[in-house]
Amino acid sequence: AQKVTQAQTEISVVEKEDVTLDCVYETRDTTYYLFWYKQPPSGELVFLIRRNSFDEQNEISGRYSWNFQKSTSSFNFTITASQVVDSAVYFCALWGPDSGAGSYQLTFGKGTKLSVIP
Amino acid sequence: KAGVTQTPRYLIKTRGQQVTLSCSPISGHRSVSWYQQTPGQGLQFLFEYFSETQRNKGNFPGRFSGRQFSNSRSEMNVSTLELGDSALYLCASSVQETNTEAFFGQGTRLTVV
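Rules used throughout
Residues numbered from 1 in each chain as written. Chains lettered and ligands numbered in written order. Predicted model: local features only at pLDDT ≥ 70, side-chain atom pairs only at ≥ 80, totals over all residues. Heavy atoms only, no water. Disulfide = S-S within 2.5 Å. Helix = DSSP H or I, 4+ residues; strand = E, 2+ residues; numbered from the N terminus. Buried < 20%, exposed > 50% of the residue type's maximum accessible area, 1.4 Å probe, protein only. Contact = heavy atoms within 4.5 Å. Buried area = accessible area lost by both parts, 1.4 Å probe. Salt bridge = Lys/Arg side-chain N within 4 Å of Asp/Glu carboxyl O. Polar contact = N/O pair within 3.5 Å; in protein donor to acceptor, adjacent residues only side chain to side chain. Nonpolar A, V, L, I, M, F, W, Y, C, P; charged D, E, K, R; others polar. Phe/Tyr/Trp six-rings, centres within 6.5 Å; stacked < 30°, edge-to-face > 60°. Lys NZ or Arg CZ within 6 Å of the ring centre and 35° of its normal.

Moving on to the state of the cysteines. The bond known as a disulfide is covalent and runs between the sulfur atoms of two cysteines. A full pass over the atoms with the stated rule returns two disulfides over all chains. Paired through a disulfide, A:Cys23 and A:Cys92 show a sulfur-sulfur distance of 1.9 Å. Taking the sign of the S-S torsion, about -65° here, the bridge from A:Cys23 to A:Cys92 comes out left-handed. Here A:Cys23 is found in the loop between strand 3 (19–21) and strand 4 (24–26), whereas its partner A:Cys92 is found in strand 10 (residues 88–97), with 69 residues between them in sequence. A relative accessible area of 0% places A:Cys23 in the buried class. Each disulfide pairs two cysteine sulfurs, and for B:Cys23 the partner residue is B:Cys91, the sulfurs being separated by 1.7 Å. The chirality of the disulfide connecting B:Cys23 with B:Cys91 is left-handed, given an S-S dihedral of about -55°. In this pair, B:Cys23 is assigned in strand 3 (residues 19–24) and B:Cys91 in strand 9 (residues 87–94), connecting sequence segments 68 residues apart. The class of B:Cys91 is buried, set by a relative accessible area of 0%.

Dropping the structure here:
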């Protein structure tokens, strides 16, 4: 079965510091998609990025950047110059085939709670 | 453009009862997927519907079921509720399949007593 591990349960940083959220995944398939979502206190998950397994190009969007490395099965997320509004729980997720059911599903990591202190 | 709407927002049910949750996707979106979020298990995929057909299913017992109507609205039903079913149930919609950008609703908080 596929698996997503976010080893950092909680991280606290002071505003304007850079922070990297780690994500390691496991899958036997060669075709899959990786995602990052943000869940603010309101509870609604907000889509941040999708990356397919054939595109290892890193991406930058404003203060956000993502580093995808298939060799280490990692898809890390960096926030540069963090702000208080970045405080939220961040989830990494993997879309791919479930091992026995022949069905595809989105598997989430346990999430990393980021607190940015002013 | 209206977002994903889930109703009700909060629900309290008694063990053994059944419950139906509703999700209205963004206009034009044909895929609706459901997730259960609990402190212990985190976010878990329940199932996905596309054009009224269940396309993918997570590892949940048969007490959890769903359906999608011709207007893409979806309902999720849980029968014979157990205390462990207490959770935040999130619905997401996307234009195509789940592997594309999904927009989430605010969820339904179900408490089973």
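From this point, the discussion proceeds with the structure in view.
The interface of chain A with chain B comprises 19 residues on the first partner and 22 residues on the second. Roughly 1800 Å² is buried in total at the junction of chain A and chain B, and carbon and sulfur atoms are behind 51% of that figure. Counting across the chain A and chain B interface gives zero salt bridges. Linking chain A with chain B are four residue pairs in polar contact (both at pLDDT 80 or more). Going through the elements one at a time, strand 5 (33–39), strand 6 (46–52), strand 10 and strand 11 (104–108) of chain A are the ones with two or more residues in the side of chain A that touches chain B. Class assignment of the residues belonging to the side of chain A that touches chain B gives a composition of 10 nonpolar, five polar and four charged.

Let us look at the packing of aromatic side chains. We describe a pair of aromatic rings using the distance from one ring centre to the other and the angle between the two ring planes. All told, the structure shown has 21 aromatic pairs over all chains when counted by the stated rule. Geometrically, the ring pair formed by B:Phe47 and B:Tyr49 is edge-to-face, given 5.7 Å between the ring centres and 70° between the ring planes. Here B:Phe47 and B:Tyr49 have matching classes, each one buried. Taken together, the ring pairs connect A:Phe35, A:Tyr37, A:Phe47, A:Phe91, A:Phe108, B:Tyr35, B:Phe45 and B:Phe104 into an aromatic cluster. Over the aromatic face of B:Phe50 sits the side chain of B:Arg55, whose NZ or CZ is 4.8 Å from the ring centroid.

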